[in-house]
Amino acid sequence: MSGTRTPRALAILGRAAPSGANKEYGMSMDSVERFLTALDPDHREAVSAKPHEEQQRLADAWERELADDTELDTLDELSPPAAEAEAARRVLGLETG
């Protein structure tokens, strides 16, 4: 099923999801909030201290990483939170080095 996004993955990416998906999964549609949730506590605190524009830029990069990386498709099928966390680590890794 690689390459096929689950309703949860679509909702995570802010794409069309089945009616009620946000209620069903208890998720916010705000990309910055979802990105911050995917970060470990130390990085979450550091990113939260940045200006909102920078947070949004990082969240946008995170969403692109989730959408574009095929390795994350498989991980998303097994554990969506793990895929989100891995994408967040990658985005922050690009920022620092």
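Since we're looking at a predicted model, the values are computed, not measured.

**Quick notes on the confidence of the model for the chain**
Part 1 of the reasoning: Considering every residue of the chain, the mean pLDDT works out to 78; 69% of them sit at 70 or more.
Part 2 of the reasoning: Low pLDDT, under 50, characterises residues 1-24; the stretch is placed with 48 contacts to residues that sit more than four places away or in other chains.

**Quick notes on the nonpolar core**
Part 1 of the reasoning: Formed by 17 residues in total, the largest nonpolar core has its most connected members in Phe35, Leu39, Val47, Leu58, Trp62, Ala88 and Leu92.
Part 2 of the reasoning: Those elements that place two or more of their residues in this core are helix 3 (31-38), helix 5 (52-68) and helix 7 (80-96).
Part 3 of the reasoning: Excluding anything up to four places from it in sequence, Leu39 contacts Arg44, Val47, Ala88 and Leu92.

**Some words on the packing of aromatic side chains**
When we look at a pair of aromatic rings, we describe it by the centre distance and by the angle of the planes.
Part 1 of the reasoning: Counted according to the given criterion, the structure contains one aromatic pair.
Part 2 of the reasoning: Judged by centre distance (5.8 Å) and plane angle (55 degrees), the rings of Phe35 and Trp62 are tilted. Of the two residues, Phe35 sits in helix 3 while Trp62 sits in helix 5, which places them 27 residues apart along the sequence. Considered together, Phe35 and Trp62 belong to a single accessibility category, that of buried residues.

**Brief notes about the environment of Gln55**
Part 1 of the reasoning: In this fold, Gln55 is placed in helix 5.
Part 2 of the reasoning: According to the relative accessible area criterion, Gln55 is buried, its value standing at 9%.
Part 3 of the reasoning: Sequence separation of Gln55 and Phe35 is 20 residues, and the distance between their C-alpha atoms is 8.6 Å.
Part 4 of the reasoning: Those residues within four positions of Gln55 in sequence are excluded, and the remaining contacts are Val32, Leu36, Val47, Ser48 and Lys50.
Part 5 of the reasoning: In terms of polar contacts, Gln55 uses its side chain to reach the backbone carbonyl oxygen of Val47, at 3.3 Å.

**Structural notes on the packing of helix 3 against helix 4 (residues 41-48)**
Part 1 of the reasoning: At their nearest, the axes of helix 3 and helix 4 sit 8 Å apart, and the two run at 145 degrees to each other. Residue-level contacts link Phe35, Leu36 and Thr37 of helix 3 to Arg44, Val47 and Ser48 of helix 4.
Part 2 of the reasoning: Across the contact of helix 3 with helix 4, the residue classes tally to three nonpolar, two polar and one charged.

Conventions used here
- Residues numbered from 1 in each chain as written.
- Predicted model: local features only at pLDDT ≥ 70, side-chain atom pairs only at ≥ 80, totals over all residues.
- Heavy atoms only, no water.
- pLDDT = per-residue confidence, 0-100.
- Contact = heavy atoms within 4.5 Å.
- Core = buried A, V, L, I, M, F, W, Y, C linked by side-chain atoms within 4.5 Å.
- Buried < 20%, exposed > 50% of the residue type's maximum accessible area, 1.4 Å probe, protein only.
- Helix = DSSP H or I, 4+ residues; strand = E, 2+ residues; numbered from the N terminus.
- Phe/Tyr/Trp six-rings, centres within 6.5 Å; stacked < 30°, edge-to-face > 60°.
- Polar contact = N/O pair within 3.5 Å; in protein donor to acceptor, adjacent residues only side chain to side chain.
- Axes fitted to C-alpha atoms, helices over the stretch in contact; angles between N-to-C directions.
- Nonpolar A, V, L, I, M, F, W, Y, C, P; charged D, E, K, R; others polar.

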